[in-house]
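If you want the building blocks of each chain, they are given just below.
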Amino acid sequence: MDFDLKRLGFTLLGLLIVLNWGLLMSAIMRKMGARVARRYGIPWRQPWVDLVKNYAIRSQITHGVMFYLGPVFRFSGGVGIFLFMPMIIGSKLWLNYSFQGDLVLIMYFQFFGMLGMALGAGEGGHPHSAIGISRGLSQFTVIEVPLTLAILSLAIQYQTLSLVDIVEAQQGGFQNWSMWTNPFATAAGMLAILGIMGHSPFNLVKAPNEIPIGPPTEYHATFLGVLRTNAAVLHVVEAALFMNLFFGGATNWFEFIIKTFLIYFWSVFVGVVFPRFRIEQSVSWFLKVPLVLGIIAIILFM
Amino acid sequence: MSEENKINKFENPLYAKREVTGPDGEVFTVDPIKDYFSDARPKVHEPNSIPVIENFLNWARSESLWVLGFGTGCGSIEIPPLITPRFDAFRFGVQMRPTPRQSNVFIISGYLSIKTLKRAIRSYEQMQNPKYVLALGSCTINGGMYFDSYNTINRLDQYMPVDVYIAGCMPRPEALLAGFNKLKEFIKAGKGEKANDYARNFDWYKANQKKIIKDWNMPDYNW
């Protein structure tokens, strides 16, 4: 592939848009959660202010090299998914660096950040981090099972592992979306996204009122700033992944924003309605309904 | 409780500094206590020298106050209502954090027994610069109704620098919110530099702390 400065520029601009949209979306969702609890909630600017505050903390301590690399790995996981994710279909410049077979790479990057974070938080040495990591990894492993089955089902249906091809196969009206042509895979995927987004039923790993916030217990200042930046990017690109897989992708930024918002809203909606699962409950839950739906989706297209 | 935990870590021979021979014959020194704590003194971190930048950062710090979830005395019952619909401290950028590493504001919520003072000092020192202390209730000012108690301290500012006092016994959550707003004014005016004061007068604070804590079994400074 030739080096293309224009393409790089558009990719970086896309990253900036995605970051700010992610921060705004997290503010909207926290405000919605507050209104459900009959509170006024945070000011709109709070995620940006928190980021600036975290980056502006003057003193930092470290526990070693891996402690530094943990947030870096996590961030490269989030940005890696972004780089290989087609954002706007029909525009060459907003396809980022997607290529044939990028779906496999995206699946890999989802776990890559988790593993880097596990190594980094482990070096922090705090017992709460270690418990948080074991909980987080075991939960994410079972989340991946229905998600992988759903993605495999789509790959069999469209006979491709390229996201662009999958989205292009769904163009020409909403009746062509995988949501209608492959409802079982969509159902399995949309249940898996509840766990990926980390809202209420499945937020035991990082909830502040469980054992203090799990893996990032020791992370502070810039480390935490990097983790939060990544979280904002990751929420949007995960929603974009599901938009591309099941809901026909986006042909312009307006459609992109509406669709990612609704997909993210689905996880928040479930989050404010349902209470938190314990870790063994969430593990067994993912191995029941979403797993069965995923297997049906595979069998139908075999 | 295991035999190992019964003995004070600092006096336990298991944790003593010693020479160890590695599997390939290499001799190196291990100091297990160092794995738990650091003895590095706190440093003074000067504010940014460009006023515009420092003012902007101070604005961000004042609008994003992360409070350490640490309750002492009767005042700790006044903190949970802050996150309920009636008081809703989130409106003011106040959020609760469970770990001292990520917190900026430490609320000493009432009387501080000597046993708790030890933990409060360790938590305060684990917080990162800049950090602020809100002292809630009369007990932190002059001992309040516990002024002649044998096991509580009377004046908090002898042991850690205090940014804002909230008088009363007990102050209601509204008073705590008013205290937060006062703290924000101080930070925006560039007066929230008490963490640096602590580093500058470190020896004085440490001497005061050691005067009252008899069983000092922790390092002088643990980050």
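Definitions and limits used
Residues numbered from 1 in each chain as written. Chains lettered and ligands numbered in written order. Predicted model: local features only at pLDDT ≥ 70, side-chain atom pairs only at ≥ 80, totals over all residues. Helix = DSSP H or I, 4+ residues; strand = E, 2+ residues; numbered from the N terminus. Buried ≥ 20, exposed ≤ 12 C-beta atoms within 10 Å, placed from the backbone. Contact = placed C-beta atoms within 7 Å. Core = buried A, V, L, I, M, F, W, Y, C linked by C-beta atoms within 7 Å. Domains from an automatic or database assignment. Pairing = 2+ DSSP bridges. Right-handed = clockwise from strand over helix to strand, strands pointing away. Nonpolar A, V, L, I, M, F, W, Y, C, P; charged D, E, K, R; others polar. pLDDT = per-residue confidence, 0-100. Axes fitted to C-alpha atoms, helices over the stretch in contact; angles between N-to-C directions. Parallel < 35°, antiparallel > 145°, perpendicular 65-115°, else oblique. Left-handed = near helix turned anticlockwise from the far one by under 90°. Expected span 1.5 Å × (residues − 1). Arc of directions from axis to C-beta.

Trainee: What should I look at first to understand the overall build of chain B in this one?
Mentor: Of regular secondary structure, chain B possesses eight helices and seven strands. Here chain B holds 223 residues, and the buried ones make up 36% of them. In chain B, of all internal contacts separated by at least 6 residues, the share reaching a separation of at least 24 is 78%.

Trainee: Whenever I open this one, the nonpolar core confuses me. Can you help?
Mentor: A general tendency of soluble globular proteins is for nonpolar side chains to be buried together. Ranked by size, the top nonpolar core spans 74 residues in total, and within it A:Met85, A:Ala150, A:Ala188 and A:Val237 carry the most contacts. Setting aside residues no more than four positions away along its own chain, A:Val237 makes contact with A:Val18, A:Gly78, A:Ile81, A:Phe82 and A:Met85. In this structure, B:Phe106, B:Tyr124, B:Leu134 and B:Tyr159 belong to the second largest nonpolar core, which totals 41 residues.

Trainee: Looking at this structure, I do not really get the domain arrangement of chain B. What am I missing?
Mentor: Under the domain assignment, chain B is made up of domain 1 (3–36) and domain 2 (51–212). Taking only C-alpha atoms into account, the centre of domain 1 of chain B sits 37 Å from that of domain 2 of chain B.

Trainee: Just checking my understanding: could you explain the pairing of strand S5 (residues 105–109) of chain B for this structure?
Mentor: Along any regular strand the residues' side chains alternate between the sheet's two faces. All names here are of chain B. A large share of S5 lies buried, amounting to five of its five residues. Every second residue of S5 is oriented toward a common face, with Val 105, Ile 107 and Ser 109 on one face and Phe 106 and Ile 108 on the other, all of them buried. Note that S5 and strand S6 (residues 132–136) share five bridges and pair parallel. Following the sheet pairing, Phe 106 is matched in S6 by Val 133. Each parallel crossover has a hand, and the one from S5 via helix H4 (residues 114–126) to S6 is right-handed.

Trainee: I would appreciate a short explanation of the interface of chain A and chain B in the present structure.
Mentor: Many structure descriptions define interface size as the accessible area lost when the parts assemble. With 27 residues of chain A at the contact, the number on the chain B side is 22 residues. If one sorts the elements of the side of chain A that touches chain B by residue count, helix H2 (residues 46–56) of chain A sits on top with six residues. In terms of residue class, the side of chain A that touches chain B is built from 15 nonpolar, six polar and six charged.

Trainee: Can you help me understand the confidence of the model for chain A in this one?
Mentor: Regions with low pLDDT carry predicted coordinates that are not meant to be interpreted in detail. Taken as a whole, chain A shows an average pLDDT of 88; of its residues, 98% reach a score of 70 or greater. Model confidence for chain A, summarised as mean pLDDT per element, is weakest for helix H4 (residues 102–124) of chain A at 85 and strongest for H2(A) at 93.

Trainee: Explain the pairing of S6(B) to me, please; I cannot follow it from the model alone.
Mentor: Residue and element names in this part refer to chain B. S6 sits mainly inside the fold: five of its five residues count as buried. Of the two faces of S6, both are covered, the one formed by Tyr 132, Leu 134 and Leu 136 as well as the one formed by Val 133 and Ala 135. Here S6 pairs with strand S7 (residues 164–166) via three bridges, running parallel. Bridging across to S7, Leu 134 finds its partner in Val 164.

Trainee: Please clarify how the packing of helix H5 (residues 127–158) of chain A against helix H12 (residues 289–300) of chain A should be interpreted in this entry.
Mentor: Any two packed helices are characterised by how steeply their axes cross, that is the angle between the axes, and by the distance between the axes. Residue and element names in this part refer to chain A. Closest axis-to-axis distance for the H5/H12 pair is 8 Å, and the angle between their directions is 15 degrees. Classed by the angle they form, the pair H5 and H12 counts as roughly parallel. Considering only the axes of H5 and H12, their crossing is left-handed. Taking contact as the criterion, the partners of Val 145, Pro 146, Leu 149, Ala 150, Leu 152 and Ser 153 in H5 are, on H12, Pro 290, Leu 291, Leu 293, Gly 294, Ile 295, Ala 297 and Ile 298. Across the contact of H5 with H12, the residue classes tally to 11 nonpolar, two polar and no charged.

Trainee: Before we go on, may I ask you to explain H2(A) in this structure?
Mentor: A turn of α-helix holds 3.6 residues, and therefore any two residues three or four places apart point the same way. When we look at burial in H2(A), the residues that qualify are A:Gln46, A:Pro47, A:Asp50, A:Leu51, A:Lys53, A:Asn54 and A:Ala56. On its buried face, H2(A) sits against helix H1 (5–36) and helix H9 (221–246) of chain A together with helix H3 (51–63) of chain B.

Trainee: Sorry if this is basic, but what is going on with H12(A) here?
Mentor: Residues and elements named next belong to chain A. For H12, built from 12 residues, the straight-helix expectation of 16 Å at 1.5 Å per residue is met to within 8% by its first-to-last C-alpha distance of 17 Å. Listed as buried for H12 are Pro 290, Leu 293, Gly 294 and Ala 297. Each buried residue of H12 lies within a common arc of 100 degrees when the element is viewed along its axis, so the set occupies one face. Elements in contact with the buried residues of H12: H5, helix H8 (183–197) and helix H11 (279–286).

Trainee: So what exactly am I meant to see when it comes to the environment of A:Asp4 here?
Mentor: All names here are of chain A. As for its placement among the helices and strands, Asp 4 is situated in the segment before H1. Its 12 C-beta neighbours within 10 Å are what place Asp 4 among the exposed residues. In this structure, the C-alpha to C-alpha distance between Asp 4 and Gly 294, residues 290 residues apart in sequence, is 40 Å.

Trainee: Would you mind showing me how to read the packing of H1(A) against H2(A) here?
Mentor: All names here are of chain A. Put simply, H1 and H2 touch, their axes get as near as 8 Å, and they point 120 degrees apart. Classified by the interaxial angle, the pair formed by H1 and H2 is oblique. Facing H1, whose interface residues are Leu 23, Ser 26 and Ala 27, H2 presents Gln 46, Pro 47 and Trp 48. Looking at the contact of H1 with H2, its residues break down into four nonpolar, two polar and no charged.

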